[in-house]
Amino acid sequence: MDENQTMDQDRIMKINIEEEMKSSYIDYSMSVIVARALPDVRDGFKPVHRRILYGMLGIGNTNDKPYKKCARVVGEVLGKYHPHGDSSVYGALVRLAQDWNMRYTLVDGQGNFGSVDGDSAAAMRYTECRLSKMGEHIMDDLEKDTVDMANNFDDTLQEPTVMPTKIPNLLVNGGNGIAVGMATNIPTHNLNEVIDGCCAYIDNPAIDTDGLMEYIKAPDFPTGAYIYGLQGVRDAYETGRGRIVIRAKAEIEVGENHDKIVITEIPYGVNKQQLIEYIADLVKEGKLEGISNANDESGRQGMRIVIDVKREANANVILNKLFKMTALQSSFSVNCIALVKGRPRLLALKDCVKYFVEHRHEVTIRRTQFELKKAQERAHILKGLIIACDNIDEVVHIIRASKTPADAQKNLENRFELDELQSKAIVDMRLSQLTGLRMDQLHAEYEELERLIAHLQQILEDPELCKKVMKDELNEVKEKYGDDRRTKIIPAEHEFNAEDFYPNDPVVITVSHLGYIKRTPLSEFREQARGGVGSKGARHREQDFTEFIYPATMHQTMLFFTKKGRCYWLKCYNIPEGAKDAKGRAIQNLLNIESDDSVNAILRLRGLDDEEFINSHYVVFATKNGTVKKTSLEAYSRPRTNGVIAINIANGDEVVDVRLTNGHNELIMANRNGRAVRFDEKTIRTMGRTATGVRGIRLDKGDDQVVGMIVVNDSVQETVMVVSENGYGKRSGVEDYRKTNRGGKGVKTMNITDKTGRLVAIKNVTDDNDLMIINKSGITIRLAVADCRVMGRATQGVRLINLSKKNDVIASVCKTMSSELEATVEEESRSQWAQKNENAPLNNSEEGDKTVTSPLDFDDKVDE
C-alpha cells in the first residue's frame, strides 16, 4: 500500500449512520424551531419579520418618506440579514401589510398586496412599501442599548435579537407557524384590551386568568364577525390550547318576492371566494335546498355577500344550515407556543402578559441606564465648560501661553482640576460660546441635566416609579393606536343550537355486526302479519348483518357502550342518514373506538343537562358472564371525545346489555338456555364508573351466557317477550316470574328445543308495541306484539318469522311503537309544534322542513 492510500484512509472517519441521522435531524429541527418558525414571546416576531423591519429602518424606508420598491427591501434583507429564499421574505413582508390578516399592520403597502378572496400579491418588482407608524414605533429606543445585538450571518453587520417594542405584538397581531414536531397558532387581540391587561398585571402580578379576562375579554379578529361562547376562550387563556367558535355576521333582509341573507363579516382566515363557490356547489349537488342565487357584492363600502332565498323556503332555516355546513361558522384552534429564552413553551394568557411586561421592564431599565450615562457624560462636559466661562480670562491666558493644544489641555487640567474630556471640550470651545446668552444657556442646560439625572436615578432605585413609567408608555401607545373592538362576543347562553334546524322526527338507529351505523326514518318500515317472510333489509358485506336496532328521535342523545366497557356520546342528528337497505357508515369514523372493540349496547336520552334527572336515574350493566353493575347516570353526563371507562370488564367477559333505571325498578336477566331471574335493583349497590359489579345470574356450565336484560316499569301492563334463534317467540306475564335474589339460576322462561333453538333476546312489551326482527341474512320483519297471545312461561311459543335460508338464525330483536299509535302521536306532535312555532309553516313544499319536537315513547319509559 502506497503512502497516498495510507493518508486517505487516515482521513476517513467511521461513524454510525443512525446516530449521525439522529444528530443531524435534531440540529435541523432545533434550527427551524428557534430560528425560523416560532415567534419570540417578547416581541411576537419570527426572525424574518424582525429583519424586515430592521432592514427597512436601515435604508430610511419610514412612514414620513416616499415608498420604496418591495424588491429593494427584499434585496436589503436578503443581502444583509436573512440568507434564505426571496419568496419567504416577500411573503412575510406582504402579510405584514394585509389588514385582513394583521389586526394592526406594520407595513404600509402600495399596490396589489392580495385580497381576502385568496388572490396573491403582485410580484415584488411591482409593489411598494414603507414602515407604518406602528411599525416604526416597535423599534423606538433601539439605538439606546435596550436590546442585545448579534452578528449577522457573515459577521459583517449586527442585528437586534429582539425588538424593544412598547406594543405587546404577540397577542395583538397573533401569529402562526409550523416547526418540526410542533406548531403555533395565536389569535389577534385588541390593543386597548391587551394594554389594559398588561397595566393590571404591572399593578398586581398575582392576578389570575379571570382577572385578566376582565380586561382581555377574548380575541379580536381583523375581519370582525362574532365569537360564540367563552368556554373555548377560557380554555385557551388558561392552558394555551382551546377551540374558539367564530360565526359570520349575517342578517335577513325581507323582500316582497323573496328574502335575502346578507353577510357583511366572515370568520378570520376564511377565503371569501371559496366560501361562495362552496355554497354554490352545495346547492348544485342538492345538499342545500332553498337557495336560488349567491352573489358577491363587496366593494369600497365593505364586504357584502348576498344569498337569495326561494320564496317558499324559510330564511332562518337556510341560514342555520349555512352555519352548519359551510365556513360561515368555523373554529380557531388556539395553540399558543412561543420561544421563551430560546426554548419553545406552551403559554397561557398570563404567561404572555408576564413575559412581555418583564421585557418592557428590562428595556426600560437598560434605556434609563443608557440615558443616565449619556446625561452624566454631558453634565460632566458642561461642568468643565462652565468653569472655563467663569474663568475665561485666565483660560485664554493659559491657552495662549501653551505651545500646542496638548500642552493647553494639560495646563488647564492642572490649574482647574479637570480631566481630559473636560479640558479637550474647553480647548475646542468656539468663541461664540463666550457671549452672555450662550453662557446662560450652559447654566440652564446643566441644571436641566441635573434634574434629569436625579429622575433617571430615581427610576432605577424606585420600582414603583419604574412601573409608572412603563404604564405611562403603554397608555401613550394605547391613545395613539388603540381602536374599538371589531369581533363581538356572544355569551354561551345564546350559543347556536344545532337542534334548531333538525326536525325531531322518529328514526331507527341500526348498527351492524361489523360496526356500520345509520339512521333511517321510521316510516320506511311497514307492518306485516305474523309469520311473514319479511322485506329486504340493509345491504351488508359478506358475513355482516344488522345486530342492533334502536328506535329514537332526532334530538336524543345516544350513549354507546362497547363490549370492553367504554362509553361514548353522539347526537342522533350526527349519525349519517341512510335508506333501509343502505350499509351505513363505519362507527369508528364517528367515535374514537379502539380497533378491537365494538358497540354492544346503546341508551338514548333526551338530554344530559337536566340535573334532577341525571341524579335520580342509574345505568345498569349486564355482562356475558352474568355480572350486573349499577352507576348513577350523572357519572356519564359529561361527554368526552375519547369516551370514558363505563365498567371494569374481567378477562373473557364483555358487556351484553345496558339499561336505564329510576332506582325503584325490577330487572329480569335471561340466558341462552332459556332461564331468567327477576330481582329488585335495590339489591345492587351503587358503584363508581370503574367498578366491576356483582353477580346477577348464575349461568349453566358450558357455553351458556346472558342474552339480555329488561327493566320492569309496570308489572301489570307489561309482558315479557322472548325470542329464540330459529324464529320462535313467546309472551308471558311478568308475575309468572317469581321475584328472587340476584345471583340465582332463575326459572324457565322458554322451553328450549332443537326446533326453537336457543334464546337470543328478551324484551318487555305491551299490545301497543311492534317487534322488529332481523336475521343474519339481512331480512327484516315488523309485526304487531298484539298478534302474539300471552301464554305460559315454560312453553316453546309460536313462530314469529320463517327463516327461508338454511342455517339462517335471528340476529337482532327490537321493539317499537305500533304503526297506528305512531301515526296518532306524530299528528299530535305536529299540532304541538305548530302552536309553539306560529310563524313556521306546518308543511313546506321543501322536503325535510317539517318538524316534530315531541319525543315518541319507543322503549322503556324511564329512557326518556
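- Going by the annotation in an unreviewed UniProt entry, the name recorded for the chain is DNA gyrase subunit A, with Hoylesella oralis ATCC 33269 given as the source organism.
- UniProt annotates the chain under Sequence similarities (unreviewed entry) with the comment "Belongs to the type II topoisomerase GyrA/ParC subunit family."
- What UniProt states about the chain under its Subcellular location (unreviewed entry) heading is, verbatim, "Cytoplasm".

**Looking at empty space enclosed by the protein**
- Enumeration over the complete set of coordinates arrives at five cavities of 30 Å³ or more.
- There is about 70 Å³ of room inside the largest cavity.
- Considering the residues around the largest cavity, the lining is formed by L171, I186, P187, H189, A236, Y237, V334, C336, L347, A348 and L349.
- By residue class, the composition of the lining of the largest cavity is ten nonpolar, one polar and no charged.

**What about the UniProt feature "active site" (unreviewed entry) in the chain?**
- Using the residue numbers shown here, the UniProt feature "active site" (unreviewed entry) corresponds to Y126.
- Relative to the helices and strands, Y126 resides in the loop between β2 (107–110) and β3 (128–131).

**Describing helix α4 (residues 70–80)**
- Listed in full, the buried residues belonging to α4 are C70, V73, V74, E76 and V77. Along α4, the residues classed as buried sweep out an arc of 160 degrees about the axis, all on the same side.
- Considering only its buried residues, α4 is in contact with α3 (47–58), β1 (68–69), α5 (86–96) and β3.

**Some details on the environment of N592**
- With respect to the helices, strands and loops of the structure, N592 is situated in the loop between β24 (585–586) and β25 (599–605).
- For the pair formed by N592 and T641, sequence separation is 49 residues and the distance between their alpha carbons is 7.2 Å.

**Some details on a negative patch on the surface**
- Taken together, the side chains of D208, E214, D235 and E238 define an acidic patch exposed on the protein surface.
- For E214, the position within the fold is in the loop between α9 (209–213) and β8 (226–228).

**Some words on the sheet that holds strand β29 (residues 655–661)**
- Taken together, the four strands give an open sheet; going across it, the order is β29-β26-β27-β32, and neighbouring strands pair in antiparallel fashion. With one partner strand each, in any of the chains shown, β29 and β32 (694–695) form the two edges of the open sheet.
- Of the pairings in the sheet, the one linking strand β27 (residues 627–632) to β32 comprises two bridges and is antiparallel in character. Residue pairing for β32: V628 is matched across the bridge by V694.

What counts, and at which threshold
- Residues numbered from 1 in each chain as written.
- Predicted model: local features only at pLDDT ≥ 70, side-chain atom pairs only at ≥ 80, totals over all residues.
- Heavy atoms only, no water.
- UniProt positions renumbered as here; feature names shortened; annotations may be inferred.
- 1 Å grid on protein atoms, 1.4 Å probe; cavity = no way out; pocket = protein on both sides within 12 Å on 5 of 7 lines; lining within 4 Å.
- Points joined across faces, edges and corners; volume = space filled by probe spheres on them.
- Nonpolar A, V, L, I, M, F, W, Y, C, P; charged D, E, K, R; others polar.
- Helix = DSSP H or I, 4+ residues; strand = E, 2+ residues; numbered from the N terminus.
- Buried < 20%, exposed > 50% of the residue type's maximum accessible area, 1.4 Å probe, protein only.
- Arc of directions from axis to C-beta.
- Contact = heavy atoms within 4.5 Å.
- Patch = residues over 30% accessible without salt bridge, like charges linked within 9 Å, V, L, I, M, F, W, Y side chains within 5 Å.
- Areas by Shrake-Rupley, 256 points an atom, 1.4 Å probe, with all protein chains shown as cover.
- Salt bridge = Lys/Arg side-chain N within 4 Å of Asp/Glu carboxyl O.
- Lys, Arg positive; Asp, Glu negative; His and termini not counted.
- Charge placed at Lys NZ, Arg CZ, Asp CG, Glu CD.
- Pairing = 2+ DSSP bridges.

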